[in-house]
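For reference, the chains in residue letters:
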Amino acid sequence: MMSSNSLVQRLMKWCPWLLRDEPKKPVKVLVTGAAGQIGYAIVAMIARGLMLGADQPVVLHMLDLPVAADALNGIRMELIDAALPLLRGVVATSDQAEAFKGVNVAVLIGGWPRKDGMERKDLIGKNVAIYKSQASALQQHAAPNCKVLVVANPANTNALVLKQFAPAIPAKNITCLTRLDHNRALGQLAEKLNVHVADVKNAIIWGNHSSTQFPDTSHATALTDRGERPVRELVADEKWLREEFVSTVQQRGAAVIKARKQSSSLSAASAACDHMRDWILGTPKGTWVSMGVYSDGSYGVPEGIFYSFPVTCEKGEWSIVQGLQIDDFARSKMDASVTELKEEKRIANGFVI
Ligand SMILES: NC(=O)C1=CN([C@@H]2O[C@H](COP(=O)(O)OP(=O)(O)OC[C@H]3O[C@@H](n4cnc5c(N)ncnc54)[C@H](O)[C@@H]3O)[C@@H](O)[C@H]2O)C=CC1
Ligand SMILES: O=C([O-])CC(=O)C(=O)O
């Protein structure tokens, strides 16, 4: 009688299609502002599997303004030249309808960056109009369950404008990027404790992607040779945690602009990949991440604004981590960001109506 091993070998030789896993269907991923700094960094990351997984083929849709058409075509050429096995097609266009057509994932980066000395909310006038216009394209042309990440600043308020003008898209499918701040917080803690960044977890960014955000270490832990320990206990310097750490993370974007004369791009692209990967493929057990989402009233944050919360993700859905203790210090910082977001909403409404 033939052994099961040799049976498998014969099957592989004569009928390989019987044993091969069904290949995954390509996912269509839209990147707006693709000819910009972050766009240039992120398209290769997506096409190498850093966003959706090393076995997930993708078709990239790249949108930019007509003035950037040549640059966009150059990026399309480079993507071909990179011979990327997961990349199953590239659409490079300045036509919104073509760009949004059938996309399953939309990473909205298109918009203007701030320069030295500006606050992100100074971009409201220029950028919210873009998000009003892209809301209709999203609603009309994207796949029904498209997952959206807004990166362009002011990210929380652009996400709100998108939600207001794309009412058919479920609010849970629209998010904004505060993962860069989250990663910056982990990076600062790892430096302080002289541990590897992968061993630090559960920091929280509450609020706006702006200088009123509150980077909170109350529940963060780090892995040491004595096991997992609270960061607060390991740092043992409450003043540093409440002052220097908070302001370093709040001001990190401005510090990078001062140094580079341009805003963060590789770290922003990497954070956008982290955000989408965790949302779609799930957060590791016992770990939460920060995401800007439409508030459901959790932790006393009013509905009607996009606010960064600690979330866990499973089966493509995020949920806000509940039941964390909020002390008076955290409460006042969290409320300051609510006040700023309400003010941004008021200003944005003046521009888009
Ligand atoms: N949420 C976050 O953590 C971060 C957000 N940002 C924001 O991301 C945005 C992009 O930053 P960069 O790539 O550095 O800027 P960039 O100026 O290098 O690129 C922006 C691109 O968007 C394009 N664009 C403008 N209007 C458009 C429209 N209506 N449709 C499609 N494309 C359009 C421009 O032509 C340009 O190619 C900025 O608003 C920046 O402030 C940047 C870093 C981190
Ligand atoms: O600071 C900026 O303008 C760009 C940005 O959002 C960041 O780096 O966090």
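The rules we used
- Residues numbered from 1 in each chain as written.
- Chains lettered and ligands numbered in written order.
- Predicted model: local features only at pLDDT ≥ 70, side-chain atom pairs only at ≥ 80, totals over all residues.
- UniProt positions renumbered as here; feature names shortened; annotations may be inferred.
- Buried ≥ 20, exposed ≤ 12 C-beta atoms within 10 Å, placed from the backbone.
- Helix = DSSP H or I, 4+ residues; strand = E, 2+ residues; numbered from the N terminus.
- Pairing = 2+ DSSP bridges.
- Right-handed = clockwise from strand over helix to strand, strands pointing away.

- An unreviewed UniProt entry annotates the protein as Malate dehydrogenase of Oryza brachyantha.
- Here the protein is described in UniProt, under the heading Sequence similarities (unreviewed entry), as follows: "Belongs to the LDH/MDH superfamily. MDH type 2 family."
- According to its UniProt record, the protein has this under Catalytic activity (unreviewed entry): "(S)-malate + NAD(+) = oxaloacetate + NADH + H(+)".

## Points about the pairing of strand β2 (residues 58–63)
Here's step 1: Burial runs high along β2: 5 of the 6 residues are buried.
Here's step 2: Two elements, strand β1 (residues 27–32) and β2, share 6 bridges in a ladder whose sense is parallel. Paired with Val29 across the strands is Leu60, a residue of β2.
Here's step 3: One crossover worth recording links β1 to the parallel β2 by way of helix α3 (residues 37–47), and it is right-handed.
Here's step 4: Taken together, β2, helix α4 (residues 69–81) and strand β3 (residues 87–93) form a β-α-β motif whose crossover is right-handed.

## Here's the deal with unusual backbone geometry
Here's step 1: With an omega of -5°, the peptide bond between Asn153 and Pro154 qualifies as cis.
Here's step 2: You can see Pro154 is positioned in the loop between β5 (147–150) and α7 (155–165).
Here's step 3: The phi dihedral of Ala236 is positive, around 50°, even though this residue is not glycine.
Here's step 4: Mapped onto the elements of the fold, Ala236 is located in the loop between α9 (231–235) and α10 (238–250).
Here's step 5: Note on Ala236: 9 C-beta atoms within 10 Å, which makes it exposed.
Here's step 6: Of note in the backbone geometry, Lys315 takes a positive phi value of approximately 50° without being a glycine.
Here's step 7: Looking at where Lys315 falls in the secondary structure, it is placed in the loop between β13 (306–314) and β14 (317–320).

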